[in-house]
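Given next are the chains, with one letter for each unit.
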Amino acid sequence: MPLLSLTLIVLQAQASHLSLSARIDARIAAAPARAVGVYYRDLTTGDSLTVGAGTRFHAASTMKVPVMIQLFRDS
């Protein structure tokens, strides 16, 4: 759902007077998340946008393996 929301923001920003960056910043400010990272690149024009590029995030996909190991041990 967050990816869909970002896609909708991108599409709406293209038809809006507000910049894409301003619309994404507003969406992030309204979110309850502690940290947000976004990378967007328009493959047609090459324009890109980054938010939180300097923030380190734990890769959620690497966390799944230890969680599943523990679940199997507990069952």
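Residues numbered from 1 in each chain as written. Predicted model: local features only at pLDDT ≥ 70, side-chain atom pairs only at ≥ 80, totals over all residues. Heavy atoms only, no water.

Caption draft 1: Here's a closer look at the overall build of the protein. Per the secondary structure count, the protein includes three helices and two strands. Along the chain direction, N to C, the helices and strands of the protein fall in the order α-α-β-β-α. Within the protein, the proportion of its 75 residues that are buried is 13%. Considering only residue pairs separated by 6 or more positions, the protein has 21% of its internal contacts joining residues 24 or more positions apart. (Helix = DSSP H or I, 4+ residues; strand = E, 2+ residues; numbered from the N terminus. Buried < 20%, exposed > 50% of the residue type's maximum accessible area, 1.4 Å probe, protein only. Contact = heavy atoms within 4.5 Å.)

Caption draft 2: Region of interest: the nonpolar core. Formed by Ile24, Val38, Tyr40, Leu49 and Val51, the largest nonpolar core amounts to five residues. The set of elements that each furnish at least two residues to this core consists of strand 1 (38–41) and strand 2 (48–51). With residues up to four places along the chain from it excluded, the contact list for Val51 reads Ile24, Asp25, Ile28, Val36, Gly37 and Val38. (Core = buried A, V, L, I, M, F, W, Y, C linked by side-chain atoms within 4.5 Å.)

Caption draft 3: The side chain of Asp42, seen in detail. Along the chain, the position of Asp42 falls in the loop between strand 1 and strand 2. Despite being buried, Asp42 has no salt bridge partner; Arg41 is the closest side chain of opposite charge, sitting 8.2 Å away. Among the polar contacts listed, one links the side chain of Asp42 to the backbone nitrogen of Thr45, at a separation of 3.2 Å. (Lys, Arg positive; Asp, Glu negative; His and termini not counted. Salt bridge = Lys/Arg side-chain N within 4 Å of Asp/Glu carboxyl O. Polar contact = N/O pair within 3.5 Å; in protein donor to acceptor, adjacent residues only side chain to side chain.)

Caption draft 4: Quick peek at a nonpolar patch on the surface. A cluster of nonpolar side chains, contributed by Met63, Val67, Met68, Leu71 and Phe72, occupies part of the molecular surface with about 490 Å² of accessible area. Of note, Phe72 is situated in helix 3 (residues 60–74). (Patch = residues over 30% accessible without salt bridge, like charges linked within 9 Å, V, L, I, M, F, W, Y side chains within 5 Å. Areas by Shrake-Rupley, 256 points an atom, 1.4 Å probe, with all protein chains shown as cover.)

Caption draft 5: Structural context of the pairing of strand 1. Burial along strand 1 is one-sided: the residues Val38 and Tyr40 are buried and none of Tyr39 and Arg41 is. Bridging between strand 1 and strand 2 involves four bridges; their strand directions are antiparallel. Counted as the bridge partner of Val38 is Val51 from strand 2. Hairpin connection between strand 1 and strand 2: a loop of six residues separates the two successive antiparallel strands, and Gly46 in this loop has a positive phi of roughly 85°. (Pairing = 2+ DSSP bridges.)

Caption draft 6: Seen up close, the confidence of the model for the protein. For the protein, per-residue confidence averages 80 on the pLDDT scale, and 77% of positions sit at 70 or higher. Ranking the elements of the protein by mean pLDDT puts helix 1 (residues 2–14) last, at 56, and strand 2 first, at 90. (pLDDT = per-residue confidence, 0-100.)

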